[in-house]
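Each chain, letter by letter, is given below.
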Amino acid sequence: MRGISMNEKIQLGWRYLVLALGSLLMIYPILWLAGSSVKANDAMTSMQLFPETWRWANFSDGWQAIPGFTFGHFFFNSFFIAGVSVIGTVLSSAIVAFGFARIVFPLRSFWFAILMLTLMLPTQVTLVPQYILFQSFDWIGTSLPIIVPHFLAVSPFFVFLLIQFIRGIPRDLDESAKIDGCSMVGIAFRIVLPLCVPALVTTALFCFIWTWDDFLAQMLYLTDTAKYTVPLALRLFLDNSSAVTWGAMYAMALLSIVPCFLLFAFAQRYFVEGIATTGIK
Amino acid sequence: MFAASKPKRSSRALNLSTIKDGYWGYLFISPWLIGLLALTLWPMLQSIYLSLTNYHLLESPHWIGLGNYQEILMEDKTFIQALKVTFTYVLFSVPLKLAFALLVAMLLFQSIRGMSMFRAIFYLPSLIGGSVAIAAIWRNLFGLDGAINRVLSWFGVIPVDWINQPSTALSTLIALSIWQFGSAMVIFLAGLKQIPRDLYEAASVDGAGKVRIFFKMTLPLLTPMILFNLIMQTINSFQMFTQAFVVTKGGPIDSTLVYALYLYEKAFVFFDMGYASALAWILLLLIAALTVLLFATSRRWVHYEN
């Protein structure tokens, strides 16, 4: 008996060791970024992860590195686009998911199959015609081509996530509300959707992070530096960086991932549950 | 598909309420339906049409039939290069990513202490891996005096200019993709949790060793998750764009010119929109064919209960 437990202890020890080394490898690039953001230029190539004297001026240098605008401006643009997109996606996806999960209507399974198919559709197929469409609306150079689609539940992933969640809510609740004379809108907004808050939070979090990082759409549609978001400004900075401005560039790169990092740190549970629900079935 | 929902309805109620439900149903899904028609179906039809024309953004489209397709498949050497790069990328990054995801999920499983902290650390790169900030890090980590070369130099390897050398540039992007194995890992973890504990107990009572249990029981029971991850990761990897655009810009000498990047250049650098549309349809057909192929082979290796 003793031998077995000793054996198991050793095994567990190995497991921890592998996991700890693995985690270190995983977060090393991020630690490296954090270290480089406070390094002076002459310390940039040193072996040490963090320098002996921290150069905070990198942050103020980076903040003003792009002529005419501060990074505050780009952060505002990013927050605005991501924030409005989150509102649009949560609202529209919730309504559509309720329709699919709770109402029986003609051709429902047909439309559901289409929804699942669009989950696999490569974005490249609609990229060019969508650009032409938005150009005909005269929307190029504005954030409308990025924001408006979010109000039309354009991410099948979120609709599917919410459908899966609503299916898990007992139907008795709707039935008794119906008997009490509650309308369909009432059932949706007063009974079912309030119970979906965890899934709605997951939707909001993923939508925020994906919109924040969605480089291609932002690059295509936001052509004017005044409209630039953080990723676009960062790339401009990256491509125009010489050895002199590396520290400042890394400082801004670090700041650009802080919002996503904070969201994840405080709401880890919602991310993990979101992936698990849609992944399983 | 329509027929399948009929029996349910007839048992439900009178025709009148069905009509009412139908009205409500379409009202509720209308945002998605409008989006589908305006932003997916209509653009797709238009894309078919454009792919059959010669169209530069400022002029009107000029019908050339299958000319674009002919040129792409017969004459376009860059297209062949983009295909090669993309297939290499997918072939290496997807299996390695899934292998890491499964390995770490197995290590994390059986809720050892600190499991949620480890899970968070392993998942974090998936969440921020697509950002420009990460691309900036990658350029340096794989640079001449970057960390990778330093670690290799301990083993006597001469520094390699990973990013600027055609033979190694793509491997930095593959590494970036593998680094983001977190979401596949979370799906595997959820799958492992669904395997009943008594199955493990029964197996070990029967005297099966750990390796045997893994290959004869755990792995077969996980195959539905493996299929799901395999399909989603393959589809996503075929469309990889941002990393190639920011880290290597497709170079050096087109060695990292992935398909989506080539398509982007045709459409928005050269404004050859008809040609780009044809490229997009070839990509769609490729992805569809691969998905069908994966599903078809899955009957042989995916284990479904019942």
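On a predicted model such as this, the values are computed, not experimentally measured, just so you know.

A short note on the overall build of chain B
Moving on, step 1. The number of helices and strands found in chain B is 14 helices and 2 strands.
Moving on, step 2. In terms of C-alpha radius of gyration, chain B reaches 25 Å, well past the compact-globule figure of 19 Å for 306 residues.
Moving on, step 3. On the principal axes, the C-alpha backbone points of chain B span a range of 80 × 75 × 35 Å.
Moving on, step 4. Relative to its 306 residues, chain B shows a buried fraction of 38%.
Moving on, step 5. Look at the contacts in chain B between residues 6 or more apart in sequence, and 70% of them connect residues 24 or more apart.

Brief notes about the overall build of chain A
Moving on, step 1. Within chain A one finds 14 helices and 0 strands.
Moving on, step 2. Written out in order from the N terminus, the α and β elements of chain A read α-α-α-α-α-α-α-α-α-α-α-α-α-α.
Moving on, step 3. Against the 2.2 N^0.38 benchmark of 19 Å for 281 residues, chain A shows a C-alpha radius of gyration of 24 Å, more extended than a compact globule.
Moving on, step 4. Looking at chain A as a whole, 42% of its 281 residues qualify as buried.
Moving on, step 5. Taking the intrachain contacts of chain A between residues at least 6 apart in sequence as the baseline, contacts between residues at least 24 apart amount to 76%.

Section: the packing of helix α4 (residues 77-108) of chain B against helix α9 (residues 182-194) of chain B
Think of two packed helices as two axes; the pair is described by the angle between the axes and how far apart they sit.
All names here are of chain B.
Moving on, step 1. Close contact between α4 and α9 brings their axes to 8 Å; oriented N to C, the two are set at 45°. Considering the angle they form, α4 stands oblique to α9. Relative to α9, the crossing made by α4 is right-handed. In contact with K97, L98, A101, L102, V104, A105 and L108 of α4, α9 contributes A184, M185, F188, L189 and L192.
Moving on, step 2. When grouped by side-chain class, the residues that make up the contact of α4 with α9 number 11 nonpolar, no polar and 1 charged.

Points about the domain arrangement of chain B
Residues and elements named next belong to chain B.
Moving on, step 1. Parsing chain B into structural domains produces domain 1 (2-51) and domain 2 (75-301).
Moving on, step 2. Computed from C-alpha atoms alone, the centre-to-centre distance between domain 1 and domain 2 is 35 Å.
Moving on, step 3. When grouped by side-chain class, the residues that make up the side of domain 1 that touches domain 2 number 2 nonpolar, 2 polar and no charged.

Digging into the nonpolar core
Moving on, step 1. Ranked by internal contacts, the top residues of the largest apolar core, which has 158 residues, are A97(A), F98(A), V159(A), L162(A), M185(B), F188(B) and V258(B).
Moving on, step 2. With 13 residues, helix α3 (residues 71-102) of chain A is the largest single contributor of residues to this core.

Quick notes on helix α8 (residues 169-179) of chain B
Moving on, step 1. Looking at α8(B), one finds that the buried residues are A169(B), L170(B), T172(B), L173(B), I174(B), L176(B) and S177(B).
Moving on, step 2. The secondary structure elements touched by the buried residues of α8(B) are α4, α6 (132-141), α11 (210-238) and α12 (242-248) of chain B.

Concerning the domain arrangement of chain A
Residue and element names in this part refer to chain A.
Moving on, step 1. Segmenting chain A into domains produces domain 1 (2-58) and domain 2 (61-280).
Moving on, step 2. Measuring from the centre of the C-alpha atoms in domain 1 to the corresponding centre in domain 2 gives 32 Å.
Moving on, step 3. When contributions to the side of domain 1 that touches domain 2 are tallied by element, the ones reaching two or more residues are α1 (2-36) and α2 (57-63).
Moving on, step 4. In terms of residue count, α1 provides more of the side of domain 1 that touches domain 2 than any other element does, 3 residues in total.
Moving on, step 5. Looking at the side of domain 1 that touches domain 2 residue by residue, the class counts come to 5 nonpolar, 4 polar and 2 charged.

Observations regarding the interface of chain A and chain B
Moving on, step 1. Chain A puts 72 residues into the contact, and the matching count from chain B is 72 residues.
Moving on, step 2. Among the elements that make up the side of chain A that touches chain B, the one with the highest residue count is α1(A) (11 residues).
Moving on, step 3. Broken down by class, the residue content of the side of chain A that touches chain B amounts to 54 nonpolar, 14 polar and 4 charged.

Quick notes on helix α13 (residues 246-266) of chain A
All names here are of chain A.
Moving on, step 1. Taking 1.5 Å per residue as the helical rise, α13 with its 21 residues ought to reach 30 Å, and the 30 Å between its terminal C-alpha atoms agrees with that figure.
Moving on, step 2. When the local axis directions of α13 are compared, the greatest deviation, roughly 35°, occurs at V258, which is followed within four positions by the proline P259.
Moving on, step 3. What α13 keeps buried is the set W246, G247, A248, M249, Y250, A251, M252, A253, L254, S256, I257 and C260.

Quick word on the environment of V269(B)
Moving on, step 1. On the secondary structure map, V269(B) appears in the loop between α13 (259-268) and α14 (273-301).
Moving on, step 2. In sequence terms V269(B) and M44(B) are 225 residues apart; their C-alpha atoms lie 21 Å from each other.

Comments concerning the environment of R299(B)
Moving on, step 1. Along the polypeptide, R299(B) turns up in helix α14.
Moving on, step 2. In sequence terms R299(B) and I29(B) are 270 residues apart; their C-alpha atoms lie 34 Å from each other.

Section: the packing of α3(A) against helix α7 (residues 156-167) of chain A
All names here are of chain A.
Moving on, step 1. Interhelical geometry of α3 versus α7 gives an angle of 50° and a closest axis separation of 8 Å. Classed by the angle they form, the pair α3 and α7 counts as oblique. Where α3 crosses over α7, the handedness of that crossing is right-handed. Mapping the contact onto sequence places T89, S93, A94, V96, A97, F98, F100, A101 and R102 in α3 and F158, V159, L162, I163, I166 and R167 in α7.

A closer look at unusual backbone geometry
Residues and elements named next belong to chain B.
Moving on, step 1. The phi dihedral of I253 is positive, around 35°, even though this residue is not glycine.
Moving on, step 2. You can see I253 is positioned in the loop between α12 and α13.
Moving on, step 3. Among the residues examined, I253 registers 10 C-beta atoms within 10 Å and is labelled exposed.
Moving on, step 4. Positive phi, close to 60°, is recorded for D254, a residue that is not glycine.
Moving on, step 5. Looking at the element boundaries, D254 is found in the loop between α12 and α13.

Definitions and limits used
- Residues numbered from 1 in each chain as written.
- Chains lettered and ligands numbered in written order.
- Predicted model: local features only at pLDDT ≥ 70, side-chain atom pairs only at ≥ 80, totals over all residues.
- Helix = DSSP H or I, 4+ residues; strand = E, 2+ residues; numbered from the N terminus.
- Rg over C-alpha atoms; globule rule 2.2 N^0.38 Å.
- Buried ≥ 20, exposed ≤ 12 C-beta atoms within 10 Å, placed from the backbone.
- Contact = placed C-beta atoms within 7 Å.
- Axes fitted to C-alpha atoms, helices over the stretch in contact; angles between N-to-C directions.
- Parallel < 35°, antiparallel > 145°, perpendicular 65-115°, else oblique.
- Left-handed = near helix turned anticlockwise from the far one by under 90°.
- Nonpolar A, V, L, I, M, F, W, Y, C, P; charged D, E, K, R; others polar.
- Domains from an automatic or database assignment.
- Core = buried A, V, L, I, M, F, W, Y, C linked by C-beta atoms within 7 Å.
- Expected span 1.5 Å × (residues − 1).
- Bend = angle between axes of the 7 residues up to and from the residue.

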